[in-house]
Amino acid sequence: MSRTCSKKLAAPFERARFGDVVGHALRFISLTVVRPGEIATANGSDFDFDLARWTISAEKMKMEKEHVVPLSRQAIAILEQMNG
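A brief structural summary. (Residues numbered from 1 in each chain as written. Predicted model: local features only at pLDDT ≥ 70, side-chain atom pairs only at ≥ 80, totals over all residues. Heavy atoms only, no water.)

1. A look at helix 2 (residues 20-32)
Piece 1. In this model, helix 2 (13 residues) spans 18 Å end to end at C-alpha, consistent with the 18 Å of a helix rising 1.5 Å per residue.
Piece 2. Positive phi shows up at V33, right after helix 2, with a value of about 55°. (Helix = DSSP H or I, 4+ residues; strand = E, 2+ residues; numbered from the N terminus. Expected span 1.5 Å × (residues − 1).)

Now the structure itself:
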């Protein structure tokens, strides 16, 4: 995927018909490529802003080991906006 295309996917869509939470979630999905259910069940303690990563537990993933998702600065900015 080209950088230009990636920027367009992550950019806010001002004319969107959905609320801010859904818009943030859709942009977050485009940046992290996770399933919507993973976002819905995420806890604040799952995110490490210093290391720029999101750790999804093995139990939530129904796997033997945890899944670590690197977070771009754009994804971190969305999380920070949602927190406040």
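2. Considerations on the pairing of strand 2 (residues 53-56)
Piece 1. Burial along strand 2 is one-sided: the face carrying W54 and I56 is buried and the face carrying R53 and T55 is not.
Piece 2. Linking strand 1 (residues 47-48) back to strand 2 in an antiparallel pair, the connection comprises 4 residues, with A52 at a positive phi of about 55°.
Piece 3. In the sheet, strand 2 pairs with strand 3 (residues 67-70) via 4 bridges, with the strands oriented antiparallel. In the sheet register, R53 faces strand 3, and the bridge partner there is P70. (Buried < 20%, exposed > 50% of the residue type's maximum accessible area, 1.4 Å probe, protein only. Pairing = 2+ DSSP bridges.)

3. Examining the environment of Q81
Piece 1. The residue Q81 is located in helix 5 (residues 73-83) in this model.
Piece 2. A relative accessible area of 53% places Q81 in the exposed class.

4. Thoughts on the packing of helix 2 against helix 5
Piece 1. For the pair helix 2 and helix 5, interaxial distance at closest approach is 9 Å and the crossing angle is 155°. It follows that helix 2 is roughly antiparallel to helix 5 by the angle criterion. By crossing handedness, the relation of helix 2 to helix 5 is classed as left-handed. On the side of helix 2, the interface is formed by V21, H24, R27, F28, L31 and T32, while helix 5 contributes Q74, A75, I78, L79, Q81 and M82. (Axes fitted to C-alpha atoms, helices over the stretch in contact; angles between N-to-C directions. Parallel < 35°, antiparallel > 145°, perpendicular 65-115°, else oblique. Left-handed = near helix turned anticlockwise from the far one by under 90°. Contact = heavy atoms within 4.5 Å.)

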